[in-house]
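Structure at a glance
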Amino acid sequence: MPQKITAFFQMHRKQLCAVAVVLALGAVYYLLIWLTPFRIPCLFQKLTSLACPGCGVTHMCIRLVQLDFIGAARENLAIACLAPIWILWLGVRSCLHPAWMRKNGKAERIFLIGCIVLLVGFGIARNLPGLEFLLPSYLR
């Protein structure tokens, strides 16, 4: 078993380094917003006064760090639902290597187009009257 784990780490070294860098940057940003009033604003929201599909992701991540899963889903429902699916997709593709899931294959294109369509639809829906519950807490 340790040989399989070693082989996995050797095979996916670049991806694991990228994940480590993203997590480290996320931790630094978390500390920055926790200790200072600094925030990276959403340019789409600043320009249009509408919430984009990504608005609320920072608040969602903060709630996830606090293990508040319901609160995280309230901040950005689409990303909260899609993230486990993305993780599962990448995990299955990385560990099991099914032929139908190969990189840049037809299944991946369909999966990505479906995610984009869902996110665009969510971005439109969350700005419609009566669906304010889809907005992040700071915009309600």
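Computed from a predicted model, the values in this text were never measured in an experiment.

Definitions and cut-offs
Residues numbered from 1 in each chain as written. Predicted model: local features only at pLDDT ≥ 70, side-chain atom pairs only at ≥ 80, totals over all residues. Heavy atoms only, no water. Helix = DSSP H or I, 4+ residues; strand = E, 2+ residues; numbered from the N terminus. Contact = heavy atoms within 4.5 Å. Polar contact = N/O pair within 3.5 Å; in protein donor to acceptor, adjacent residues only side chain to side chain. pLDDT = per-residue confidence, 0-100.

Remarks on the environment of Arg39
- In this fold, Arg39 is placed in the loop between helix H2 (13-35) and helix H3 (43-48).
- Each C-alpha atom of the pair Arg39 and Tyr29 lies 8.7 Å from the other, and the pair is ten residues apart in sequence.
- Non-local contacts of Arg39, meaning those with residues more than four positions away in its chain, are made with Tyr29 and Ile33.
- Separated by 3.0 Å, the side chain of Arg39 and the backbone oxygen of Ile33 make a polar contact.
- A polar contact of 3.1 Å, which involves the side chain of Arg39, links it to the backbone oxygen of Thr36.

Notes on the environment of Gly121
- In this structure, Gly121 sits in helix H7 (residues 106-125).
- As a C-alpha pair, Gly121 and Pro53 span 68 residues in sequence and 8.5 Å in three-dimensional space.

Quick notes on the confidence of the model for the protein chain
- When pLDDT is averaged across the protein chain, the result is 91; 99% of the residues are at 70 or more.
- The lowest-confidence element of the protein chain is helix H1 (residues 2-11), averaging 81 in pLDDT; the highest-confidence one is H7, averaging 96.

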